Amino acid sequence: MFPPADDPPDLGVQPNRGPLPVRRNPNSNPHAHSSQLRDLRPQGIRGGRGHRGGGRRGSFCSMRRSLACVVVISAFFIVVMMVMQYKIGKSEQGSSLEDFAGMILQFGQASSFERLGEREGLDHLRSDIRIGVRKPTLALILGNMKHSPPLLMLFTVIKNLQGLGYLFKIYAVDDDNSRSIWEQIGGKVSILSPELYSRIDWTVFEGIIVDSVEAKEPISSLMQEPFCSIPLIWIISEDTLAKRLPFYEKMGWEHLVSYWRSAFSRADVVVFPDFSLPMLYSVLDTGNFFVIPASPIEVWAAKSYAKTHSKYQLRGDLGLNRDDMLVLVVGSSFFYSELSWDYAVAMNEIGPVLIKYARRNDAGPLFRFVFLCGNSTDGYNGHLKEVASHLKLLPGSVRHYGMNSDVNGLMLMADIVVYASSQAEQGFPPLLTRAMSFGIPVIAPDLPDIRKHVVDGVHVVTFPKRNSNALMRAFSLLISNGKLSKFAKAVAFSGKQLAKNMLASECVNSYAKLLKNVLSFPSDVLLPGHFSQSQIDDWEWKSFRAADMPHIESGSASMKISSVVHVLEENLSNQLGSENISNSETDNDVLTQLDWDDLREIERIEEIERLEMEEIEDRMESDPGIWDELHQNVRKAERAHFEANERDEGELERTGQPLCIYEIYNGVGAWPFLHHGSMYRGLSLTKSGRRLTSDDVDAVDRLPLLNDTYYRDILCDIGGMFSIASRVDKIHRRPWIGFQSWHAAGRKVSLSSSAEKVLEETIQGRTKGDVLYFWAQLDVDDGHTQENHIPTFWSMCDILNGGNCRFQTAFEDAFRQMYGLPSYKEALPPMPEDGGYWSALHSWVMPTPSFLEFIMFSRMFADSLDALHMNSSQSMNLSLATNSSQPTLCLLGSSKLEKKHCYCRVLEVLVNVWAYHSARQMVYINPYSGKLEEQHPVEERRGFMWAKYFNNTMLKSMDEDLAEAADDDDDGHGDRRRWLWPLTGEVLWQGIYEKEREERYRLKMDKKRKAKEKLVERQKKGYKQKAIGSR
């Protein structure tokens, strides 16, 4: 059904699609020879032009033979041009050779740089005051753990990023022989099975790095809330999927293309190791493609091939002599699949060399020129032989091999490699890197990307492009008496040493800079070191043994056939086939207008019969049946209309139990972390993310404020608590209430079954006193703090809130504004430094009346905090003109994600301040063993508590004052256009009760009046029964 997946890699350029810009260089003039690099060549090779005068060694055309030389080269070039134009096509015959020679084919990632530049980098954060206590943590997902060049590159990058201060947690799709080396830098490697993809809380990471297309399935779990906003970098080194995309388009499988495009769009950045891959994947580009041109694949290919092949054995297989001088001519990697104008220019430049060396018929070694381009079956060899015959070259001196042949073998056999392309590629040409890795002296034009990485006369020999005289002089330096000169061997040795670790430093620094622009660093995170501090010069070859380096054919990065690509092909294509069959059957049975008329008539008759039968049944006496049958029928009806009454077996199990814990979540991705059982009930903050097969509470329905995405994001979990507290009697009629964030299960701090049993027994036996039980403790250490002392409550609050919880008086100012305290009076409630635990993650249980009191306090504090931010935004002129009701300044966060959830972290710890100062007993439950430990005993709080501010009577009085102001449409906050407090719950005061009583009395009198009028109407006109069937 499918073409073979292991075809030779198609390295040709696919048609450009989508946002991928491909542009030509407007400057097609030859570049002048660079004077900035140190020129270490012998004196005879320097200069961009040939010196006039006779008798100079290495010069092809002397003054006496200049006219004959011009005639021969012109004839040679005309013949070659005729061949090239025939092969390239008639559409390009009108273009000049200079136009094609100056063309640059590029992947334009300038837009990607601009987009990444808009994000918050580290430069701004380094200038701010930070209280970081832990390293930035990244997840690394390995799609393929086999030893390969992409794995070597990634290992080098990760090891050096770790030195900059990053911490990595490593996951792998499958296990293989490189597991031990990854455990050296990341600890234990977790093997991901399909059932574990959705059971990892990815929000604990600052970002995720994914390697290989094989890791597509874990990415699927990151495409759902609440994981959609986590920065994701996807590194793709394979061309397996790229080779299948043209086949998908040919077959019309747009659904498969769309499927992969959606997966690619999830990544913030898709990184490729060379500039050809984004062009091959251009159909999937959504504007997030990025290239870091560095990979040891060419060196790996040369090393692995040289271990198993011999230069002279390969020559013998092709019928070449040991002493023959083999010159391999290669070109741009963007034109592998055809003999292009690039080679026409090359033939023009190399013509004099061919005429000088390929015509020799003396007893010395035979010079053979091999052109590497196109495919072996395209007939180029015959055309080159025809050209050689016209130029009277020796038989066998000119050959052609395609890119589908043994490229590594040709490289290993060659004595000299000539890079004859005038194309200014992006990045260093990969074929040159491989030739240098084989230890072959290289001659190349002085293109910008070549001059950037090598030194002329040391690593390679360069010449000004389209300068035959300079090329001839380069050849003369490498050849001495028909053999390679000492200079050529020195260049080959230096080039091989350079190629072994070429671009390693640029690769690491590029990834460090990419992370700086993509990641968001929370307030409690230590900033990584500057990327210039990474002084890496080598790939991590020492970690990969030579015996573990498998051979790579033709430098392809695809180490195996991608199972994910072909499994998806099978599944989705089979699904499409069944849909096509059903669609074809439907199309064959198209209804006519007459059919529709008959159908409507049948429905009308059936409706009349149904109404008549219902009226007859209403007038007939019937046996109601036994009680069991009636109960079963009622239960069936309730299950049929489940969404209307929100009752299922879980609700029935909770009936009569003293406690219900509401698990707060905000997306489909959090479903696997939720518990099932009589003690738990889900609380969804979004309509789209609610579980439909359970009786989860829809917080949006109960509190319309959560329809506003802005307030849902800044309130987070406490917004769900506000929804439960609103009209609590309609949903919660139990003496105890609890809450637990879905993060608790993701971070392994949710209650175990034994802890649940201890908690349930404890609250059933407790009849006196007010207590707060919690099991997720506030801890900013996370095992990586660099300080030995235990942080205090307010220092932890500062760490979590950008240093502004206490130091910049955000909490104090909100508290002062809430109670109307004067500026000279202390407004920051004191918290003890006794080393005890504090509650976190909204994971606690308390009596229901205490919960309502806490919500009453929290609503007023949240409103005061919102007013503080609104006033600060207005004073700094930061409010948006289109929506000035929302503050645009966040005092409690530094990163983009922290600003989005601005109030969440301070409201998370607010329960500790309320419980401590309202004299509630605070008990910590070990979530694993269920052991109970009292924290901050009430007896030790005397003299520290601000009980008067947390007195229930005072809070109720403040609540009624706010309700009265809201009832009178007076927010009391000056120019604020939106008042948060009335939107967070019920607005109740004595005037409201009086209005409701008057409204009930009015409705009662209206009902009596209507009943009296109806009775009078019946007495006046009588009552007549309608005939059966009448309307």
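All figures in this text were calculated on a predicted structure; none of them were measured in a lab.

Asks: In this structure, what is going on with the overall build of the chain? I would like to understand it.
Replies: Helices and strands together make up the secondary structure of the chain, namely 38 helices and 23 strands. For the chain, buried positions account for 52% of its 1031 residues. Counting contacts in the chain only where the partners sit at least 6 residues apart, residues at least 24 apart contribute 77% of the total. Put simply, the chain shows about 48800 Å² of open surface, and 51% of that area lies on carbon and sulfur atoms.

Asks: In this structure, what is going on with unusual backbone geometry? I would like to understand it.
Replies: Keep in mind that most residues, glycine aside, have a negative phi and that most peptide bonds are trans. The residue after Glu-225, namely Pro-226, is reached through a cis peptide bond having omega 10°. Positive phi outside glycine occurs at Ser-212, with the angle close to 85°. Its location among the elements puts Ser-212 in the loop between strand E4 (207–211) and helix H7 (216–221). A positive phi is found at Cys-716, a non-glycine position, where the angle reads about 55°. Relative to the helices and strands, Cys-716 resides in the loop between helix H27 (709–715) and helix H28 (717–725).

Asks: Mind showing me how you'd approach the pattern of salt bridges here?
Replies: As a working rule, side chains carrying opposite charge can pair if their charged atoms are close by. Taken as a whole and judged by the stated rule, the model has 27 salt bridges. Ionic pairing is found between Arg-315 and Asp-415, a salt bridge with its closest N-O pair at 2.6 Å. You can see Arg-315 sitting in helix H12 (residues 311–317) and its partner Asp-415 sitting in the loop between helix H15 (407–413) and strand E11 (416–419), a full 100 residues away along the chain. Assessed through its relative accessible area of 9%, Asp-415 is described here as buried. Ionic pairing is found between Asp-1006 and Arg-1002, a salt bridge with its closest N-O pair at 3.1 Å. Here Asp-1006 pairs with Arg-1002, and both are found in helix H38 (residues 990–1021), just four residues apart, close to one helical turn.

Asks: How should I be thinking about the confidence of the model for the chain in this particular structure?
Replies: Keep in mind that low pLDDT regions are not for reading the predicted coordinates in detail. Across the chain, the average pLDDT comes to 77, with 72% of residues at or above 70. Put simply, helix H1 (residues 66–88) is where the chain has its lowest mean pLDDT, 38, and strand E5 (residues 232–235) is where it has its highest, 96. Across residues 878–884, where pLDDT falls below 50, the model places 11 contacts with residues more than four positions away in sequence or in other chains.

Asks: Help me out: how do you make sense of the environment of Tyr-281 in this one?
Replies: Relative to the helices and strands, Tyr-281 is located in the loop between helix H10 (276–280) and strand E7 (289–291). Under the relative-accessibility criterion, Tyr-281 is labelled buried at 0%. Sequence separation of Tyr-281 and Leu-245 is 36 residues, and the distance between their C-alpha atoms is 7.9 Å. When neighbours within four sequence positions are excluded, Tyr-281 is seen to be in contact with Val-213, Ile-236, Glu-238, Asp-239, Thr-240, Leu-241, Ala-242, Leu-245, Phe-264, Phe-272 and Phe-289.

Asks: What am I meant to see in the side chain of Asn-144 here?
Replies: Its place among the elements puts Asn-144 in the loop between strand E1 (137–142) and helix H5 (149–163). Within polar-contact distance, the side chain of Asn-144 engages the backbone nitrogen of Lys-146 at 3.0 Å.

Asks: Explain the sheet that holds strand E18 (residues 697–698) here, please?
Replies: As a general point, the strands of a sheet are linked pairwise by backbone hydrogen bonds and lie either parallel or antiparallel. Strand order in the open sheet made by the eight strands is E18-E17-E16-E19-E21-E20-E22-E23, with mixed pairing throughout. Edge positions in the sheet fall to E18 and strand E23 (932–935), since each of these pairs with one other strand and no more. In this sheet, E23 lies alongside strand E22 (residues 921–925) in antiparallel orientation, the contact comprising four bridges. Its bridge partner being in E23, Ile-925 is matched across the sheet by Leu-932. Along the sheet, helix H30 (residues 753–765) contacts strand E16 (659–665), strand E17 (680–684), strand E19 (736–741), strand E20 (771–774), strand E21 (844–847), E22 and E23; its crossing angle with E20, the most-contacted strand, is approximately 175°.

Asks: Help me understand the packing of helix H16 (residues 430–437) against helix H19 (residues 486–500) in this model?
Replies: Describing two packed helices takes the angle between their axes plus the distance from one axis to the other. Direction vectors running N to C along H16 and H19 enclose 120°, while the axes themselves pass 7 Å from each other. The angle between H16 and H19 places the two elements in the oblique class. Considering the relative orientation of H16 and H19, their crossing is left-handed. Each of Thr-433, Met-436 and Ser-437 in H16 lies in contact with H19, whose residues at this interface are Gly-495, Lys-496, Leu-498 and Ala-499. Here the residues of the contact of H16 with H19 sort into three nonpolar, three polar and one charged.

Asks: Just to check I follow, could you spell out H19 for this structure?
Replies: Three or four residues apart is the spacing at which side chains of an α-helix point the same way, because the helix has 3.6 residues per turn. Taking 1.5 Å of rise per residue, the 15 residues of H19 would be expected to cover 21 Å, and the 22 Å separating its terminal C-alpha atoms lies within 8% of that figure. When we look at burial in H19, the residues that qualify are Phe-487, Ala-488, Val-491, Ala-492, Gly-495 and Ala-499. Seen from one end, H19 has its buried residues packed into an arc of 135°, which puts them on one side. Exposed and oriented more than 90 degrees from the buried face of H19 are Lys-486, Lys-489 and Phe-493. On its buried face, H19 sits against helix H11 (297–308), H16, strand E13 (461–463), helix H18 (468–478) and strand E15 (483–484).

Asks: It is not clear to me how the pairing of E16 should be interpreted in this structure. Could you clarify?
Replies: For a regular strand, side chains alternate in direction, first toward one face of the sheet and then toward the other. Among the seven residues in E16, seven count as buried, and that is most of the element. Residues Leu-659, Ile-661, Glu-663 and Tyr-665 point to one face of E16 and Cys-660, Tyr-662 and Ile-664 to the other, with burial holding for every one of them. Note: E16 against E19, six bridges, orientation parallel. Opposite Ile-661, over in E19, you have Gly-738 as the bridge partner.

Asks: Teacher, can you tell me more about the pairing of E19 here?
Replies: Across the six residues that make up E19, a large majority, six, are buried. The sheet contact formed by E19 and E21 spans four bridges and is antiparallel. Paired with Trp-736 across the bridge in E21 is Pro-847.

Asks: I'm lost on the state of the cysteines in this one. Help?
Replies: Between two cysteines, a covalent bond joining their sulfur atoms is known as a disulfide. Per the counting criterion, the structure on display carries three disulfides. One disulfide bridge connects Cys-716 with Cys-904, the sulfur atoms lying 1.8 Å from each other. Because the torsion about its S-S bond is 70°, the bridge between Cys-716 and Cys-904 counts as right-handed. Taken together, the positions of Cys-716 in the loop between H27 and H28 and Cys-904 in helix H35 (residues 904–908) put the pair 188 residues apart, joining distant regions of the chain. For Cys-716, a relative accessible area of 17% translates into the label buried.

Asks: So what exactly am I meant to see when it comes to the nonpolar core here?
Replies: Soluble globular proteins: nonpolar side chains tend toward being buried together. The biggest cluster of nonpolar side chains holds 85 residues, and the ones touching the most others in it are Phe-739, Phe-811, Trp-844 and Phe-851. By residue number, the principal contributor to this core is helix H33 (residues 848–875), which donates nine residues. Discounting residues that sit within four places of it in the chain, Phe-811 has contacts with Trp-794, Cys-805, Leu-828, Pro-829, Phe-861, Val-906, Leu-910 and Val-913. Listed in part, the 83 residues of the second largest apolar core include Leu-152, Val-407, Met-411 and Leu-431.

Asks: Please explain the packing of aromatic side chains as it appears in this structure.
Replies: Note on aromatic pairs: each is described by the distance of the centres and the angle between the planes. Enumeration according to the criterion identifies 41 aromatic pairs in this entry. With centroids separated by 5.1 Å and ring planes inclined at 50°, the aromatic side chains of Trp-234 and Phe-264 adopt a geometry described as tilted. Placement of the pair is Trp-234 in strand E5 and Phe-264 in helix H9 (residues 254–266), with a sequence separation of 30 residues. We classify Phe-264 as buried; its relative accessible area is 0%. Between the aromatic rings of Phe-264 and Phe-289, the centroid separation amounts to 6.1 Å while the plane-to-plane angle is 55°, which identifies the pairing as tilted. Here the residue Phe-264 occupies a position in helix H9, and Phe-289 occupies one in strand E7, the gap between them amounting to 25 residues. Of the two residues examined, Phe-264 and Phe-289, each falls in the buried class. Members of the aromatic cluster, connected to one another through ring pairs, are Phe-793, Trp-794, Phe-811, Phe-815, Tyr-819, Trp-838, Phe-857, Phe-861, Tyr-916, Trp-946, Tyr-949 and Phe-950. For Lys-169, the ring lying beneath its charged end belongs to Tyr-171, and the centroid distance is 5.6 Å. A cation over an aromatic ring shows up here: Arg-859 above the ring of Trp-981, its NZ or CZ 4.4 Å from the ring centre.

About the criteria used
Residues numbered from 1 in each chain as written. Predicted model: local features only at pLDDT ≥ 70, side-chain atom pairs only at ≥ 80, totals over all residues. Heavy atoms only, no water. Helix = DSSP H or I, 4+ residues; strand = E, 2+ residues; numbered from the N terminus. Buried < 20%, exposed > 50% of the residue type's maximum accessible area, 1.4 Å probe, protein only. Contact = heavy atoms within 4.5 Å. Areas by Shrake-Rupley, 256 points an atom, 1.4 Å probe, with all protein chains shown as cover. Salt bridge = Lys/Arg side-chain N within 4 Å of Asp/Glu carboxyl O. pLDDT = per-residue confidence, 0-100. Polar contact = N/O pair within 3.5 Å; in protein donor to acceptor, adjacent residues only side chain to side chain. Pairing = 2+ DSSP bridges. Axes fitted to C-alpha atoms, helices over the stretch in contact; angles between N-to-C directions. Parallel < 35°, antiparallel > 145°, perpendicular 65-115°, else oblique. Left-handed = near helix turned anticlockwise from the far one by under 90°. Nonpolar A, V, L, I, M, F, W, Y, C, P; charged D, E, K, R; others polar. Expected span 1.5 Å × (residues − 1). Arc of directions from axis to C-beta. Disulfide = S-S within 2.5 Å. Core = buried A, V, L, I, M, F, W, Y, C linked by side-chain atoms within 4.5 Å. Phe/Tyr/Trp six-rings, centres within 6.5 Å; stacked < 30°, edge-to-face > 60°. Lys NZ or Arg CZ within 6 Å of the ring centre and 35° of its normal.

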